[in-house]
Amino acid sequence: QVQLVESGGGLVQPGGSLRLSCAASGRIFSVNAMRWYRQAPGKQRELVAGIRRAGSTNYAESVKGRFTISRDNPKNTVYLQMNSLKPEDTAVYYCNADIYSDYVRAYWGQGTQVTVSS
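Residues numbered from 1 in each chain as written. Predicted model: local features only at pLDDT ≥ 70, side-chain atom pairs only at ≥ 80, totals over all residues. Heavy atoms only, no water.

This part covers the overall build of the protein. Regarding its fold elements, the protein presents zero helices and eleven strands. For the protein, the spread of C-alpha atoms along the three principal axes comes to 45 × 25 × 25 Å. Expressed as a percentage of its 118 residues, the buried residues of the protein come to 43%. The long-range fraction of contacts in the protein, counting pairs at least 24 apart against all pairs at least 6 apart in sequence, stands at 54%. Of the roughly 6300 Å² that the protein leaves accessible, carbon and sulfur atoms contribute 46%. The average position of the 14 basic charges and that of the 8 acidic charges among the side chains of the protein differ by 3 Å. (Helix = DSSP H or I, 4+ residues; strand = E, 2+ residues; numbered from the N terminus. Buried < 20%, exposed > 50% of the residue type's maximum accessible area, 1.4 Å probe, protein only. Contact = heavy atoms within 4.5 Å. Areas by Shrake-Rupley, 256 points an atom, 1.4 Å probe, with all protein chains shown as cover. Lys, Arg positive; Asp, Glu negative; His and termini not counted. Charge placed at Lys NZ, Arg CZ, Asp CG, Glu CD.)

Within the largest apolar cluster, 31 residues are counted, with the highest numbers of intra-cluster contacts made by Trp 36, Leu 80, Met 82, Tyr 93 and Ile 99. The dominant element in this core, judged by the number of residues it contributes, is strand E9 (residues 91-100), at five residues. Setting aside anything within four residues of it in sequence, one finds Tyr 93 in contact with Glu 6, Leu 20, Trp 36, Tyr 37, Arg 38, Val 48, Phe 67, Leu 80, Met 82, Gly 111, Thr 112 and Val 114. (Core = buried A, V, L, I, M, F, W, Y, C linked by side-chain atoms within 4.5 Å.)

This structure, assessed with the given rule, holds six salt bridges. Among the salt bridges present, the one from Glu 46 reaches Arg 38, with a minimum N-O distance of 2.7 Å. When its relative accessible area of 6% is taken as the criterion, Arg 38 is described as buried. With a closest N to O distance of 3.0 Å, Arg 38 and Asp 89 form a salt bridge. Pair noted here: Arg 38 is in strand E4 (residues 30-39) and Asp 89 is in the loop between strand E8 (77-82) and E9, with a separation of 51 residues, a long-range link. Residue classification places Asp 89 among the buried positions, given a relative accessible area of 1%. (Salt bridge = Lys/Arg side-chain N within 4 Å of Asp/Glu carboxyl O.)

Turning next to the side chain of Asn 96. Positionally, Asn 96 belongs in strand E9. Look at Asn 96 and you get buried, because its relative accessible area is 4%. Side-chain polar atoms of Asn 96 contact the side chain of Arg 35, separated by 2.5 Å. (Polar contact = N/O pair within 3.5 Å; in protein donor to acceptor, adjacent residues only side chain to side chain.)

Counting buried residues along E8, five of its six residues qualify, which places the element largely inside the surrounding structure. Pairing analysis gives six bridges linking strand E3 (residues 18-26) to E8, with the strands arranged antiparallel. Looking at E8, one finds that Arg 19 is bridged to Gln 81. Pairing analysis gives six bridges linking strand E7 (residues 67-72) to E8, with the strands arranged antiparallel. Within E8, the position partnered with Asp 72 by the bridge is Thr 77. (Pairing = 2+ DSSP bridges.)

Taken by themselves, the reported measurements are silent on function.
Have a look at this one:
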(Lines give C-alpha, C1' and ligand atoms only; values in the text may rest on other atoms or scores of the structure.)
Protein backbone atom coordinates (compact mmCIF):
# COMPACT_ATOMS: atom_id res chain seq x y z
CA GLN A 1 0.00 0.00 0.00
CA VAL A 2 1.33 3.41 -1.01
CA GLN A 3 0.73 6.64 0.88
CA LEU A 4 1.60 10.28 0.25
CA VAL A 5 1.76 12.41 3.38
CA GLU A 6 2.03 16.19 3.16
CA SER A 7 3.21 18.59 5.85
CA GLY A 8 4.19 22.23 6.25
CA GLY A 9 0.98 24.14 5.64
CA GLY A 10 -0.27 26.90 7.90
CA LEU A 11 -1.12 30.56 8.27
CA VAL A 12 1.34 33.16 6.96
CA GLN A 13 1.23 36.88 6.33
CA PRO A 14 1.42 38.30 2.80
CA GLY A 15 5.03 38.39 1.67
CA GLY A 16 5.96 35.47 3.91
CA SER A 17 7.27 32.01 3.12
CA LEU A 18 6.29 28.40 3.70
CA ARG A 19 7.85 25.09 2.74
CA LEU A 20 5.64 22.11 1.98
CA SER A 21 6.88 18.54 2.07
CA CYS A 22 5.35 15.34 0.72
CA ALA A 23 6.78 11.91 1.45
CA ALA A 24 5.80 8.72 -0.35
CA SER A 25 5.92 5.47 1.60
CA GLY A 26 4.93 1.85 1.23
CA ARG A 27 5.68 -0.78 -1.38
CA ILE A 28 7.45 1.43 -3.92
CA PHE A 29 9.75 0.39 -6.75
CA SER A 30 10.16 3.86 -8.20
CA VAL A 31 8.64 7.33 -8.10
CA ASN A 32 8.43 9.11 -11.44
CA ALA A 33 6.95 12.61 -11.82
CA MET A 34 5.87 14.43 -8.67
CA ARG A 35 3.57 17.44 -8.62
CA TRP A 36 1.86 19.98 -6.41
CA TYR A 37 -1.72 21.02 -7.10
CA ARG A 38 -3.92 23.46 -5.23
CA GLN A 39 -7.62 24.08 -4.88
CA ALA A 40 -9.10 27.31 -3.57
CA PRO A 41 -12.72 27.49 -2.35
CA GLY A 42 -15.12 27.54 -5.27
CA LYS A 43 -12.36 26.94 -7.83
CA GLN A 44 -11.09 23.97 -9.77
CA ARG A 45 -7.95 22.16 -8.72
CA GLU A 46 -4.96 23.54 -10.62
CA LEU A 47 -1.41 22.38 -11.24
CA VAL A 48 1.12 24.53 -9.38
CA ALA A 49 4.41 22.83 -10.19
CA GLY A 50 5.84 19.52 -11.36
CA ILE A 51 9.22 17.82 -11.33
CA ARG A 52 10.44 14.77 -13.21
CA ARG A 53 12.69 12.16 -11.64
CA ALA A 54 15.70 13.57 -13.51
CA GLY A 55 14.94 17.04 -12.14
CA SER A 56 13.30 19.02 -14.94
CA THR A 57 10.56 21.30 -13.65
CA ASN A 58 7.50 23.21 -14.79
CA TYR A 59 5.44 25.91 -13.06
CA ALA A 60 2.12 27.68 -13.36
CA GLU A 61 2.60 31.23 -14.60
CA SER A 62 1.07 32.60 -11.41
CA VAL A 63 3.86 31.16 -9.23
CA LYS A 64 6.92 31.46 -11.48
CA GLY A 65 9.74 33.26 -9.71
CA ARG A 66 8.13 32.79 -6.29
CA PHE A 67 7.78 29.01 -5.84
CA THR A 68 10.46 26.36 -6.23
CA ILE A 69 9.80 22.63 -6.49
CA SER A 70 12.53 20.14 -5.61
CA ARG A 71 12.83 16.47 -4.69
CA ASP A 72 14.97 14.02 -2.78
CA ASN A 73 14.84 10.75 -4.71
CA PRO A 74 16.35 8.45 -2.04
CA LYS A 75 13.70 9.75 0.40
CA ASN A 76 10.85 9.67 -2.16
CA THR A 77 10.04 13.22 -1.07
CA VAL A 78 9.03 16.35 -2.94
CA TYR A 79 9.18 19.89 -1.59
CA LEU A 80 7.55 23.19 -2.52
CA GLN A 81 9.30 26.32 -1.30
CA MET A 82 6.83 29.19 -1.46
CA ASN A 83 8.14 32.75 -1.15
CA SER A 84 6.49 36.15 -1.51
CA LEU A 85 3.14 34.60 -0.72
CA LYS A 86 -0.03 36.44 -1.72
CA PRO A 87 -3.60 36.12 -0.43
CA GLU A 88 -4.54 34.52 -3.75
CA ASP A 89 -2.19 31.63 -2.94
CA THR A 90 -4.61 30.57 -0.21
CA ALA A 91 -5.78 27.04 -0.97
CA VAL A 92 -5.52 23.40 -0.02
CA TYR A 93 -2.29 22.09 -1.54
CA TYR A 94 -2.18 18.48 -2.73
CA CYS A 95 0.79 16.31 -3.57
CA ASN A 96 0.50 14.00 -6.59
CA ALA A 97 2.98 11.39 -7.80
CA ASP A 98 3.28 8.70 -10.46
CA ILE A 99 4.44 5.66 -8.53
CA TYR A 100 5.43 2.20 -9.66
CA SER A 101 4.17 -0.22 -7.04
CA ASP A 102 2.37 -3.25 -8.48
CA TYR A 103 1.94 -1.08 -11.59
CA VAL A 104 2.32 2.60 -12.37
CA ARG A 105 -0.51 4.83 -11.23
CA ALA A 106 -1.07 8.29 -9.81
CA TYR A 107 -1.43 8.75 -6.08
CA TRP A 108 -2.72 11.76 -4.13
CA GLY A 109 -1.97 13.09 -0.69
CA GLN A 110 -4.65 14.21 1.74
CA GLY A 111 -3.93 17.91 1.28
CA THR A 112 -2.54 20.63 3.50
CA GLN A 113 -4.12 24.06 4.07
CA VAL A 114 -2.15 27.18 3.20
CA THR A 115 -3.71 30.48 4.29
CA VAL A 116 -2.14 33.82 3.40
CA SER A 117 -3.71 36.60 5.41
CA SER A 118 -2.80 39.59 7.55
